[in-house]
Amino acid sequence: MRTAAALTIAVVALIGTGFLLDRGDVDTAYAAVAVEDIEHGFGAADFDAALADADAKVSRKRARMQAAPGQWLHQEILALALMERHRLGGDAADLEEAAGLLEDGLRLAPEPSGPSLSQAALALDWHDLESAQRALDRFDRSVAPHPRDRAEALALHGDIAFQKGALSEASEWYRKTTDLRASTGGVMRQAQVALWSGDPDRAIRISETSIADRRSAPADFAMAALMLANLSYAKGDLARARDWIDAANSRFANYWLGETYLAQQIAAEGQVEEGIARLKAIADETGEPSVMDALTGFLLHAGRTEEAELWSARSARRWDALMKDHPDAYRLHAAEHHLDFGDPAKALELSRQEIAKRPFGEAIEVHASALIANARPAEALGWLERAEANGWQSVSLDLARAEALAELGRDSEAERFVARARSINPDALDPVRKLIRFGHF
């Protein structure tokens, strides 16, 4: 059974694949990328083969470590193989083992050497910003690190800033990353800054140019293509999202996340019953609560309330189980579940805990919506105003702000934010938009 939230897997996998752009200003004379013209890279072309390759790699690295016990470098190499397999398959046990290996490696290595950069990346997988910062502080004391490693450290500093809500600071870290011209995910991270600054068009231009400029392994291409589907959803372009989803599944077959996106897309296009059937099969196979939540939404949309309640309860149990071991990693997803299908008071408590640690755009939107659901629109408005003051803007943030203003009787102001949301996504008020849980902004 997979035990990681699907959206987290997609984002982490994408930014770890090494997308690089060094062609100057992507806004100059931009033309949309022809998806079918993007060149293929080497690697397994279906999920099962890729997972088998990842299993074999873990086995090789484990044997090497066991042949040379007490050497932290071999422990780090195995940890990285486990992290790579987790990004593909989503088994939290891989990250748990990797965490133990890296912690032991840091004890074995003399300061400031050791697997600190890998530990920082793993901590961010768990959304543990404090541990990630400590690991980066140790790495920053290293002597003359390799430019590639230095670039990755800068990107991780940016990720911490992003999740702490410091959007402009994150952007500056990412700019420094790309300035090094090393193979990191700085450019794709800049696309996320553009997206959450209210400019999905620029995010798309950055991302499309980046993916077109390199040959990616099928798994890496699929993850990037699904992120581009997210960006298309952000501006309401379902047709373009379908192009990227089809490309992901064509290049990398039988990938559960790609199949989930396709099921969601089919339902959003109007073939609701077929989409529901596909989502149900994926949820049964994977046990992934994010898929169950997407299924619940479409079941409610189709008027199948009793089935929706059963799947919602099943999802809630999975989120609760995941939260017991790794609350930081799953808290925000669980809050979204309870906000949409469960107990608004529980959603508010979870979002309050989340916002205390990660006050970034998505968390602010969930917290504000939970405050509104608990009849506290003035507090919600305060959070949303602070978010915009810090540079955060999205359709979801604007619609939450409109709702808070309407609750306070400030209807003309509410209309202004609805209009701004619709300027980004003309279908902002379409009920289907909120049903697209994979790629919802």
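Please refer to the structure higher up on the page.
Residues numbered from 1 in each chain as written. Predicted model: local features only at pLDDT ≥ 70, side-chain atom pairs only at ≥ 80, totals over all residues. Heavy atoms only, no water.

(A) Highlighting the overall build of the protein. Counting secondary structure elements, the protein contains 23 helices and 0 strands. The C-alpha atoms of the protein give a radius of gyration of 21 Å, which matches the 22 Å a tight globule of 441 residues would have. The buried share of the protein, reckoned over its 441 residues, is 56%. Counting only contacts in the protein whose residues sit at least 6 apart along the sequence, the fraction spanning at least 24 positions is 65%. Of the roughly 17,900 Å² of accessible surface on the protein, a fraction of 50% belongs to carbon and sulfur atoms. Seen as two clouds, the 50 positive and the 70 negative side-chain charges of the protein have centres 4 Å apart. (Helix = DSSP H or I, 4+ residues; strand = E, 2+ residues; numbered from the N terminus. Rg over C-alpha atoms; globule rule 2.2 N^0.38 Å. Buried < 20%, exposed > 50% of the residue type's maximum accessible area, 1.4 Å probe, protein only. Contact = heavy atoms within 4.5 Å. Areas by Shrake-Rupley, 256 points an atom, 1.4 Å probe, with all protein chains shown as cover. Lys, Arg positive; Asp, Glu negative; His and termini not counted. Charge placed at Lys NZ, Arg CZ, Asp CG, Glu CD.)

(B) Structural view of helix H11 (residues 218-234). Over its 17 residues, H11 runs 24 Å from end to end, which matches the ideal 24 Å to within 8%, given 1.5 Å per residue. Counting buried positions over the 17 residues of H11 gives 16, a clear majority of the element. Just past H11, the residue Gly236 takes up positive phi, approximately 80°. (Expected span 1.5 Å × (residues − 1).)

(C) Fine view of the environment of Leu408. Relative to the helices and strands, Leu408 resides in the loop between helix H21 (395-407) and helix H22 (411-424). On a C-alpha basis, the gap between Leu408 and Glu349 in space is 22 Å, while along the polypeptide they are 59 residues apart. Every residue in contact with Leu408, bar those within four places of it in the chain, is listed here: Pro377, Ala378 and Leu381.

(D) Looking closely at the nonpolar core. Core analysis: the biggest nonpolar cluster contains 130 residues, and Phe162, Trp244 and Tyr255 have the highest contact counts within it. For this core, the leading source of residues is H11, giving 12 residues. (Core = buried A, V, L, I, M, F, W, Y, C linked by side-chain atoms within 4.5 Å.)

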